[in-house]
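Fold and contact review
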Amino acid sequence: MCLLLVGAGACSSDDGNDSSNGRTPAGETVAPGGTTATGESVAPQTTFMPDCVQMPANTDLSALVGVPMDLGFVSGSGTCEFRGLNDQTRTVVLSLYTDPADQASFLDLQASLGAPTPLNDAELPEAMVGATSVVYVSTAKGLYTALTVVTDATAAEQVPLSVAVLKRWVTP
């Protein structure tokens, strides 16, 4: 029975003409920059980030949060996670959303979790603290977020650490 199911899947009649499957439709060429001849983007519609070079260095984060942090790794769209060097349950999660769809998704999520609270910090005007203690601010470059969980205190009690990280990252 299993052999029959595997064989049926291998004999599908997909001719590659469906652009919804992530491939370029048959007969179309992809121009440099990831667009087809008709101008349709074939690139993922998300904040793409190959590495964490846009984020503060792990040594800077270590100094700011008081815990040795390992190198960051991309953990999602526009997001890097830095884990404690000695205790990987200690984390700093940073995001920089540059894609308007990612920004809207993040803001919708925050609104669905509860009303955000203004941070009221002159160095980070318009910054907000979400219901899950994520601190975020919109700038001309994108939507910056920080969530710090590096002590045994609650995430809400660690908001000042997230604020320190955002100040170092966002302000010159």
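Located above this text is the structure these notes cover.
Residues numbered from 1 in each chain as written. Predicted model: local features only at pLDDT ≥ 70, side-chain atom pairs only at ≥ 80, totals over all residues. Heavy atoms only, no water.

**Notes on the packing of helix 2 (residues 58–65) against helix 4 (residues 159–170)**
How we decide: Only C-alpha atoms enter the line fits that serve as axes; for helices the fit covers just the stretch in contact. Angles between N-to-C directions range over 0 to 180 degrees. Counting from the N terminus, the helices are the DSSP runs of H or I reaching at least four residues and the strands are the DSSP runs of E reaching at least two. An angle below 35 degrees is read as roughly parallel, one above 145 as roughly antiparallel, one from 65 to 115 as roughly perpendicular, and any other as oblique. Definitions for this section: a left-handed crossing has its near helix turned counterclockwise from the far helix by less than a right angle. A right-handed crossing has that turn clockwise. The contact criterion used is simple: two residues touch if any of their non-hydrogen atoms lie within 4.5 Å.
Helix 4 packs onto helix 2 with a crossing angle of 140 degrees between their chain directions and a minimal axis gap of 9 Å. In terms of orientation, helix 2 and helix 4 fall into the oblique class. Considering only the axes of helix 2 and helix 4, their crossing is right-handed. Contacts between helix 2 and helix 4 pair Asp-60, Leu-61, Leu-64 and Val-65 from the former with Leu-161, Ala-164, Val-165 and Arg-168 from the latter.

**Concerning the nonpolar core**
Operational definition: Residues enter a nonpolar core if they are buried and are Ala, Val, Leu, Ile, Met, Phe, Trp, Tyr or Cys, with the set joined through side-chain atoms within 4.5 Å. Relative accessibility decides the category of a residue: with a 1.4 Å probe and only protein chains considered, values under 20% of the type maximum give buried, values over 50% give exposed, and everything between is partly exposed.
Ranked by size, the top nonpolar core spans 26 residues in total, and within it Met-55, Met-69, Phe-82, Val-92 and Leu-94 carry the most contacts. Elements that contribute at least two residues to this core include exactly helix 2, strand 4 (79–83), strand 5 (91–97), strand 8 (135–139), strand 9 (142–149) and helix 4. In terms of residues, this core owes the most to one element, helix 4, which gives 5 residues. Those residues in contact with Met-55 that lie beyond four places of it in its chain are Met-49, Gly-78, Cys-80, Phe-82, Leu-94, Ser-95, Leu-96 and Trp-169. In terms of nonpolar packing, the next biggest core, distinct from the first, is built from 5 residues, Phe-106, Val-134, Tyr-136 and Leu-143 among them.

**Here we look at the sheet that holds strand 8**
Where we set the bar: For two strands to be treated as a pair, DSSP must find no fewer than two bridges joining them.
Reading across the sheet, the 7 strands line up as 3-4-5-9-8-7-6 and stay open at both edges, with antiparallel pairing between neighbours. Because the sheet does not close on itself, it has two edges, and the strands there are strand 3 (73–76) and strand 6 (117–118). Against the sheet, helix 2 makes contact with strand 4, strand 5 and strand 9, and its axis sits at roughly 120 degrees relative to strand 5, the strand it touches most. Strands strand 5, strand 7 (128–129), strand 8 and strand 9 of the sheet are contacted by helix 4, whose axis makes an angle of about 140 degrees with strand 9.

**Re the pattern of salt bridges**
Defined as follows: Think of a salt bridge as a Lys or Arg side-chain nitrogen and an Asp or Glu carboxyl oxygen that are within 4 Å of each other.
In the structure shown here, the tally under the stated rule is 6 salt bridges. For the salt bridge of Lys-167 with Asp-121, the shortest nitrogen-to-oxygen distance reads 2.8 Å. Placement of Lys-167 in helix 4 and of Asp-121 in the loop between strand 6 and strand 7 is noted, with a sequence separation of 46 residues between them. Here Asp-121 falls in the buried class, since its relative accessible area comes to 18%. Put simply, Asp-87, Arg-90 and Asp-152 are held in one network by salt bridges that share partners.

**Structural notes on the pairing of strand 8**
Each regular strand displays side chains that alternate between the two surfaces of the sheet. Bridge count for strand 7 against strand 8 is 2 bridges, and the pairing is antiparallel. For Met-128, the partnering residue across the bridge sits in strand 8 and is Tyr-136. From the end of strand 7 to the start of strand 8, which pair antiparallel, there are 5 residues, and Ser-133 there has a positive phi angle of about 75 degrees. Turn length for the strand 8-strand 9 hairpin, with the two strands adjacent in sequence and antiparallel, is 2 residues.

**What to know about the packing of aromatic side chains**
The line we're drawing: Pairing of aromatic side chains here covers Phe, Tyr and the six-membered ring of Trp, requires ring centres within 6.5 Å, and sorts the geometry by plane angle: under 30 degrees stacked, over 60 edge-to-face, intermediate tilted.
Per the stated rule, a full pass over the model turns up 3 aromatic pairs. Seen from their ring centres, Tyr-97 and Phe-106 are 5.7 Å apart, and the 35 degrees between their planes marks the pair as tilted. The class of Tyr-97 is buried, set by a relative accessible area of 13%. A residue is classified by how much of its surface remains accessible, and Phe-106, at 9% relative accessible area, is buried. Here a set of aromatic residues connected by ring pairs shows up, and it is made of Tyr-97, Phe-106 and Tyr-136.

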